[in-house]
Each structure stands twice: as structure tokens, then as C-alpha cells.
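Residue strings, one per chain:
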Amino acid sequence: MDKWHIVLVMAFVMLSSCSVYKTVPAEDFLFTGGKVMADTGKLNKDIRTDLEKFIKPPPNSKLLGIPFKLLFYNSVKEPTKSKGYAYNVRNKWGQAPALLSEVKTKSIEKRMEDELFNKGYLRPEVHNKVIKKGRKARVEFGVSPGDRYTIREIHYPADSSVFGKLLQATAKESLLHTGDYFDLKQFSAERERMSKELKEKGYYYFEPDYLLYRVDSLHQAKADLYVTLKDMIPAEAKKVWHIGGITIYGNYTLERDSLIMQDSGRQEKQFTIIDRRNNYRTSLYERAIPIRQGQLYATSMHSLTIERLMNLNTYRFVKMAFTPVPDSITPILNTRIFLSPAKKQTMRFEISGNTKSNNYVGSEISVTYKNVNLNRGAEIFDFKITGGFDVQVGGQQASENAYSLTAEMNLYVPQLIPGLRINTMNNPYLPRTVITPAIEYFQKTDLYTMRSIRFSYGYIWKRGKSIEQNLKLLHINGVDPINTTPKFDSMMATDASLKAAFEKQIIIGTRYLFQYNNTYRAKSRFNYAFDGGINTSGNIAGLFVQPKGDTAGSKQVFNVPLSQFIRFQADLRGYWRFAPKLTWANRIIGGVGFAYGNSSNMPYSEQFFIGGSSSLRAFRARTLGPGSYHTEESVYNANESGDIKMEFNSELRYNMSRFVKLAVFVDAGNIWYRKEVPDKPGASLERGELFKETAVGTGLGLRFDASVLVVRFDLAMPLRKPWYPEGERWVINQVNFGDSDWRKENLVLNIGIGYPF
């Protein structure tokens, strides 16, 4: 730095120093902050930090020691209008000076002493000292906390009253323990817990405020805690209440509240139902509502009823109200359940797309119709039609276009069909029967046309918010490749595994999926999710089908070979939240499939593939692998698959604003065959080349998150190409953004809906 640069920097600093005090009144001082001064042995860092939060106002924001926002504020005069350049500079970009006169020291001292008392320092003292230097001032708060008290003993009512016995019975579940520091938040939480326990025993009107703590602090830094009851408690709070009549308002709205409340309704079994439209069958209420007439009131049943009804996903609003029956000999609560149905029928439209610099573009469009109460039993029916294409636009034509069309129906019934019994007493989710037929049509105009018909029947059940299990007792998939072209016939002639995978076949088997997900815990720093599943085909059906010969494919159903295989896959995801705006997301996927008996290869629809907008984003779907095998045609034909899959994804996500998110990601993985394939050298994992043949890609992501819809743009490029010769597979040194040929070959833009994982 030459002398002129030094002069300019010094002049800027001096000018800044002068302008900083421009709007500070002559009799006042610029407040530069406060600090808590205390013996570290008496007060730990966390408590000091908590105390410093009470020091208001905060000092002006600084950058490199310069209060830049205050300089913005001082750079313009007070605007006469609440808009325009001057207003924005002063009020949006700028910051008014923090003044010493605004620091209410006595109020701050009181709040600090209260906070210390709540933390167990029962005799704290706080005083302040103002330190002035020129036009600036800071405040030091000296804290003498005294001893921090711990709990020596906890005493519950020793009398033989009902409350005394109940409180003593709950002592083993207490949140307070001998040796714990006094903490007001913990004391409050314990009162809530005890009150909840009493409500669970039928004391509906009991409130936490009816419980008191008395403290004996005569011991040195130790105190005895006495749990007592208020002297005057309302008579209703001392009574044990039972459930009386249950009235259900099946079509409740706030707008029609007065009219609905005047209806008398009809009696059906144990319920009085007020619903002129008769939206829901009584059998649904019997399954979903666990409370019964004559039952002891319990908070858990109250909460469970609301959760079950909301988890049917057919109501937008559920509320319960309890009113005492007047002049009743025994305490009875009449129950009213207000149900506001969700919109019965909806339509949803989705579109996603991807593109690559080699002139390929693709898109997928889907339309979904949904009915959330198909047959008055909270059945959810949806019908989805999806169409997609992958075409080459411009450039030298390498392959023809690909098109797909899928129609799928799902019917969810909130009970097990046939009437299987399962214990759902404390489960907020009712088990569901799921029926899913689907048809799919996929065409590569210069290769083949694939038709398939699917049907599945099974159950979904959940345990709490975290665990969901999906069992498809029967899964049928008939695959029929037709209209193969001479070009594709020649490909199958030189690729035995491809030919076997594309044979006409039928899958008859069972599928099971286990899912664990705790990402709903918004305050947790680490959350994770796990999906693990097993698919089978031909295990049971194969016992009843007699082979027509002793070769693979001789077991047939309707003259179609029966596939026999078993397939495992697991997906583990972890989310570390380093800061409110910064999250590190990771995913690892592993899978393996075994064909046996009647099948020499896994069906093409059950094999693993890799690449695409939610996988290895630097490689187009089905163009990578297996192993180190690669041909130029596979880049365009996109048919590659395998028996084994390993994939790892890591993504650092940063929230720029409420709606705009950024991401930096790395993807790695590949697919392999279990056994060596003569037509595809390097495709097998028998050689133990898992890590040597792993592809790696990286990129940047831009996401627009509107909560209900996430639109994602991920630009990726390969870092490692496993088909290159060993020692040359890392291609980082070849990155050249200025070269159009390199960009065309390596850059992939993925456009999708939702996050990749």
C-alpha cells in the first residue's frame, strides 16, 4: 500500500468519526454496548450471555469497527415523506444512533436479578457503572450472584387426601430431582406435568396454577422444596368427571355456527350426529373416536381423538368442547366434537424438466384428481395421469425421442379389509387398506415400446409420527415389450443381460417397506430418516406353477414367464442444522437384487439405475455404468441398469431468504451386475472395484421454496468418470467453463419439483 492509499484510508476513518456523532444530541452519548462483569467461578458463560440479552438498546451494527448503518442514517436529512430515496437510506438501510439516555439501567438490573433468581441464585445483587470516553459511553453491570441453590429434598403432601395420594404416586415421573439447580422453567414444567397427570385421572378442571412450591432455604446453598395446593380451589377442580353424551357436528363452519347449534340431530348408536348432509358414516366415527360414554375423562383420550380425526386427512379443522351436565348427581361432561370437512374434490397440476448441453431436453407433466371422502368413510381416492418426454433439439441427431404415459389410481380406506383386528387403542393413526391399479406406456421410437399393467393390494399403518410400514400382500406387474426395432434387436443380440431383462414376463409377489422419519422435530439440530424395503416375486406363486421344462422361463402364467427374484434396498438420510439458515443434508443408498429359479436376470423394471435430477445430477438417468462399462451409444439410449447400487449424496443448504435457497452438492455412486457379463466388460462387482469405479459429480443449486411448492434448479458437472482408464478417472483438471465443447459435454441442468432428498 503506497502513501496515497494510507492517506485516503486515514481521511475516511477521520470523516467517519466526525459523522458518527452527527445525530447524537449534545447532552447525550453514543451507546457502544454493555457487558456483564462477574466471577467466572460464580457465573458460567451461558448465564452471562442470557443476562446480556437484557441490555437494551443494542449498539449500532459495525463492519470492520465502523458503524456503517449509522453512517447511512446520518448521510441524509430527516425525510418529509414516508417513501423515496432519502426515506429508504435513513429508515431501511440506516440505523438511528443508540443513545446512553435510552439505557434504562434500573430496569435492566431488576430483570437481571429476576433471571438470576429464576436460575437458582436466591440472593443476587446487580449494580451498574457507566464508562464515558469522549462522545461514547458503555455500561458495565457488576453481578454478585451469591450461591446457586440446589434441591436438597422434595416433599409432597403427606396427608391421606385424594390429591395427596395422586401427587405422591406421580413423584417417580417428576422432572425435578435432588441435587438439581433451582430453575423456574423446570418448576413450571413440573407443575404442567402434575396437572396433566391429574387431568388424566378425570380432574378435567384442574389447572397448574392450583399447585404451589414452598421453599425452605435455611441450609447453605441447598433448599427443601414443598409441593402444596392452593388453599382455595374451585369445587369443579376437585371433582372426577366422566364422559356423558357425545355430539358430533359433522359439517361445522364458523359462518353457520348459530344455525348448526340449533339442530337437534339424530341418535346413532352412542353418538348424536348433527349433519344434514350426512357426510360420514357412523362406522367411521366408531373407529376414529376412542372416547366412550361413561368413560373417565382423560387428557390422553382427548388428544388422541383430535389427532385421529385430523390424521384421516379429510378435515381441515377439528375442535372438542366439554360442558358439565347441570344438576347431575355425579360429575358428567357432555362432549361436542366439531368437524369442518376439507374440500372434497381437488385437482393438482405439476411440471418438471431437465436439460443437458448436448441438446437433450426432457419434461414430465402430471395431473391429479383427488377425492377425500369417496364413499362417506373418509376414503381417499386419487387418479393421476403423467406424461413425459426426452427429446434432442438441434445438433447432430444421435437418437430418436422417448415418450412415456402413466395412469395410476390409489384408493385408501381407513380400515383393514377384510375386517382384520389390530390394536389401535393409543395409536393416533388408523391403519389403511390400499388398492392401486396402474398402466404404463413407454416408447423409444427407434428402439422399443414397453407396456406394463400393475396391481397391488395391501396395508399401511403407522406408529406415532416417526414410523410407517407398508405391506403389499399382493403385487402384480405384467411387462410386455413390443415393437422392437432392428436396431434394438441388434443391441440385444450383443447384450444377453439386456435381452433377458426385456423378455415378456409377469411379476407376482409381496413387498414390504419400513420407514422411520423424525425430521418433523424442528428444534433438533440433527434429524434423520430411514427407508428399508424388500421386494419378492415368484416365492409362493412358484410353488403352484408347474414348469413346462427344466430351463429358465419354463414356469409360466397365461403363457408368460413368471419372474423369480428377491430385492433389497435401504435409504438413510441425515440432516445437520448448523445454524438457522445453514443445513448439511446427506444420503446413502444401497441395494442388491438376486434372480433365481425361473429367471436368469432381474426384470428391467426391478433393476437399479442411477443418475438424474434426484440422484447423480452430473449424469443423465440410466446413462451411467454398470461399473466401468461405457459406450457412446449409452449416453443417448439411456438403458443402463444393474443388480447392485451404491449412492452417496451430500448437500450444503443455505437459506438466502424466506423463499430463495442456495445449495452446493456432491454426488457419488454407480451400479453393477453381481456376476460378470461377457457382453459388458467391467460391469461386474466380482472384481471388487467398488470405489475405483465410483462416479463423482458436483454442482450448485437454486431453489424457490414457497412451502407448498419447491421449484429446483441444479447445475452439475462430473468430477470423476469411472469408464476412463485407471489413473485418469478424476477430471477436475479438465474443467474449462470457457470451452463450449467442454460445456456441451459436461454441464447438466436439472429442473425439478421438490428437494432431491
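This text follows the structure it describes.
Quantities reported herein were computed from a predicted structural model and do not represent experimental measurements.

(A) Local environment of unusual backbone geometry. Between Lys 56 and the following residue, Pro 57, the backbone shows a cis peptide bond with an omega angle of -5°. At the junction of Gly 625 and Pro 626, the peptide bond is cis and its omega measures out at -5° in the coordinates. Looking at where Pro 626 falls in the secondary structure, it is placed in the loop between β24 (582–595) and α14 (632–637). With a phi close to 60°, Arg 376 is a non-glycine residue in the positive phi region. Assignment of secondary structure puts Arg 376 in the loop between β13 (360–371) and β14 (380–392). The exposure class assigned to Arg 376 is partly exposed, which follows from its relative accessible area of 32%.

(B) Expanded view of the sheet that holds strand β2 (residues 125–133). Strand order in the open sheet formed by 3 strands is β1-β3-β2, and the pairing between neighbours is mixed. Two strands in the sheet have a free side with no partner beyond their single neighbour: β1 (30–37) and β2. Recorded for the sheet is a direction-independent mean angle of 20° between the axes of neighbouring strands. In the sheet, β1 pairs with strand β3 (residues 136–144) via 6 bridges, with the strands oriented parallel. Counterpart to Val 36 in the pairing with β3 is Phe 141. Its contacts with the sheet put helix α5 (residues 105–118) on β1, β2 and β3, and the angle it makes with β2 is roughly 140°.

(C) Spotlight on the pairing of strand β16 (residues 432–444). Bridging between strand β15 (residues 402–413) and β16 involves 10 bridges; their strand directions are antiparallel. Residue pairing in the sheet places Tyr 403 in a bridge with Gln 443 of β16. Across 13 bridges, β16 lies against strand β17 (residues 448–463) in antiparallel orientation. Bridging from a neighbouring strand, Tyr 441 pairs with Arg 451 of β17.

Reading the values: rules and limits
Residues numbered from 1 in each chain as written. Predicted model: local features only at pLDDT ≥ 70, side-chain atom pairs only at ≥ 80, totals over all residues. Heavy atoms only, no water. Helix = DSSP H or I, 4+ residues; strand = E, 2+ residues; numbered from the N terminus. Buried < 20%, exposed > 50% of the residue type's maximum accessible area, 1.4 Å probe, protein only. Pairing = 2+ DSSP bridges. Axes fitted to C-alpha atoms, helices over the stretch in contact; angles between N-to-C directions. Contact = heavy atoms within 4.5 Å.

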